[in-house]
Amino acid sequence: MKYTARIDYDSKASLRLAKMQQRLFNIPLEITGYVLSAFLIVSGFFLGCNTTSGLLFLAAGCLMITNIDAPARHRVKQLERMLKGYVPTMEYTFYGKDFECRTVNEYKRCDYNDLIRIVDDGKYYYLFPNKQSCYMVDLASLMPNDTVGFRKLIEESSGLKVTVPFSFLKNGLYTLIKNRKNTRQ
């Protein structure tokens, strides 16, 4: 069966992609950020909320934890400056052996075996050929609207299982290990 989909890489989709890449492939950065933030917040409480040093530690910890995705936001801002308002649209056609990617200026035929990881966040599929790039598929645009069949096609064609994104706050160590085992090197 053939599936088609598309995505407009506007700032919202680009930010979602950049955050996903950071969460998947920069796990040490994520963990370090959360651990350091927690240390600062706990230290602030131990020093006391009524002391200047305690408040400074609390503020620093809160500021750090709310800016863990700062590198992703920075990359998107750079991209937006470079594109100067242009919003690229990618159209996909998925076949049994491979898939096609098209923009106004480019065409590429991709082999499923070149993918190293496939992630489903409920709204998008992220097909990673490497850690730096991704084909982001908007499931709302999928035709025919058969996400179960699409998932089966992607998994069978690539030999990879679709995984869920790891979140330090939501998932456990088991999910992290399972997802990492399902990534080609």
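Residues numbered from 1 in each chain as written. Predicted model: local features only at pLDDT ≥ 70, side-chain atom pairs only at ≥ 80, totals over all residues. Heavy atoms only, no water.

Asker: Mind showing me how you'd approach the side chain of E100 here?
Answerer: Looking at where E100 falls in the secondary structure, it is placed in strand β3 (residues 98–102). Apart from residues lying up to four places away in sequence, E100 is in contact with E91, Y92, T93, Y95, Y107, K108 and R109. (Helix = DSSP H or I, 4+ residues; strand = E, 2+ residues; numbered from the N terminus. Contact = heavy atoms within 4.5 Å.)

Asker: I would appreciate a short explanation of the packing of aromatic side chains in the present structure.
Answerer: A ring pair, where both rings are aromatic, is described by two values, the distance of the centres and the angle of the planes. If you walk through the whole model with that rule in mind, you get 10 aromatic pairs. When the ring of F99 is compared with that of Y112, the centres are 5.2 Å apart and the planes differ by 40°; the resulting orientation is tilted. Placement of the pair is F99 in strand β3 and Y112 in the loop between β4 (107–111) and β5 (117–120), with a sequence separation of 13 residues. A relative accessible area of 0% places F99 in the buried class. Overall, the relative accessible area of 0% leaves Y112 in the buried class. A ring pair is formed by Y125 and F150, whose centres lie 5.4 Å apart and whose planes are at 40°; its orientation type is tilted. Residue Y125 is located in strand β6 (residues 124–128), and its partner F150 is located in helix α5 (residues 147–158); the two are separated by 25 residues in the primary sequence. (Phe/Tyr/Trp six-rings, centres within 6.5 Å; stacked < 30°, edge-to-face > 60°. Buried < 20%, exposed > 50% of the residue type's maximum accessible area, 1.4 Å probe, protein only.)

Asker: I tried to follow the environment of A72 on my own but got confused; where do I start?
Answerer: Locating A72 in the fold gives a position in helix α4 (residues 70–83). Measuring from C-alpha to C-alpha, the distance between A72 and L15 comes to 6.8 Å, with 57 residues separating the pair along the chain. Excluding anything up to four places from it in sequence, A72 contacts L15, A18, K19 and Q22.

Asker: I tried to follow the nonpolar core on my own but got confused; where do I start?
Answerer: In globular proteins that are soluble, nonpolar side chains generally tend to be buried together. Y92, F94, F99, Y126, L127, F128 and F150 are the most contacted members of the largest nonpolar core, which has 36 residues in total. Where this core is concerned, the elements lending two or more residues are β1 (3–8), α1 (11–25), β2 (89–94), β3, β5, β6, β7 (135–138) and α5. Not counting residues up to four positions away in its chain, the partners in contact with L127 are F94, F99, L115, R117, I118, C134, Y135, V137 and I154. (Core = buried A, V, L, I, M, F, W, Y, C linked by side-chain atoms within 4.5 Å.)

Asker: Please clarify how the environment of G33 should be interpreted in this entry.
Answerer: Relative to the assigned elements, G33 resides in helix α2 (residues 27–47). A residue is classified by how much of its surface remains accessible, and G33, at 14% relative accessible area, is buried. For the pair G33 and I68, spaced 35 residues apart in sequence, the C-alpha to C-alpha distance is 6.3 Å. For G33, the contacting residues outside a window of four places in its chain are M64 and I68.

Asker: Looking at this structure, I do not really get α4. What am I missing?
Answerer: Each full turn of the α-helix corresponds to 3.6 residues, which orients residues three or four apart in the same direction. Here α4 contains 14 residues, and its C-alpha end-to-end distance of 20 Å stays within 8% of the 20 Å for a straight helix at 1.5 Å per residue. Positive phi shows up at K84, right after α4, with a value of about 50°. (Expected span 1.5 Å × (residues − 1).)

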